[in-house]
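Descriptive structure summary
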Amino acid sequence: MEQTLRILRFQLPHPKKISLSKDLAGKAVILYFYPKDFTGVCTAEACEFRDQFEAFRELDVPVFGISRDDIPTHEKFKKSASASF
């Protein structure tokens, strides 16, 4: 049985456009989804990734957190959590 991996397409608020299938193909990536900015569990999860961010960066593993919130809300959340991703 052949398995096929389909990559989701979405836009990240990033200075340059990034394609998971092109720019990050064959590379380890942390891509985590969470339901809403500024909620207890989601903030704790983001802070866990923030606290380990330097280790991921040393391994050249980018971290992307994705929620349904709009970009201005996400930018406020990112700032409040002192996250660089």
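Conventions we followed
- Residues numbered from 1 in each chain as written.
- Predicted model: local features only at pLDDT ≥ 70, side-chain atom pairs only at ≥ 80, totals over all residues.
- Heavy atoms only, no water.
- Helix = DSSP H or I, 4+ residues; strand = E, 2+ residues; numbered from the N terminus.
- Buried < 20%, exposed > 50% of the residue type's maximum accessible area, 1.4 Å probe, protein only.
- Contact = heavy atoms within 4.5 Å.
- Areas by Shrake-Rupley, 256 points an atom, 1.4 Å probe, with all protein chains shown as cover.
- Pairing = 2+ DSSP bridges.

1. Focus on the overall build of the chain
Secondary structure summary: the chain contains 3 helices and 2 strands in total. Start at the N end of the chain and walk to the C end: the helices and strands fall as β-α-α-β-α. Classification of the 85 residues of the chain by burial places 27% in the buried group. The long-range share in the chain, meaning contacts at least 24 apart out of those at least 6 apart in sequence, stands at 70%. Total accessible area on the chain stands at roughly 6700 Å², and carbon and sulfur atoms take up 54% of it.

2. Quick notes on the side chain of H74
By the secondary structure assignment, H74 is in helix α3 (residues 71-80). Overall, the relative accessible area of 12% leaves H74 in the buried class. With sequence-adjacent residues up to four places away left out, H74 is seen in contact with Y34, D37, G65 and S67.

3. Quick notes on the pairing of strand β2 (residues 63-66)
On β2, burial covers both faces: V63 and G65 on one face and F64 and I66 on the other are all buried. With 4 bridges joining them, strand β1 (residues 30-33) and β2 adopt parallel strand pairing. Across the sheet, I30 pairs through a bridge with V63, a residue of β2.

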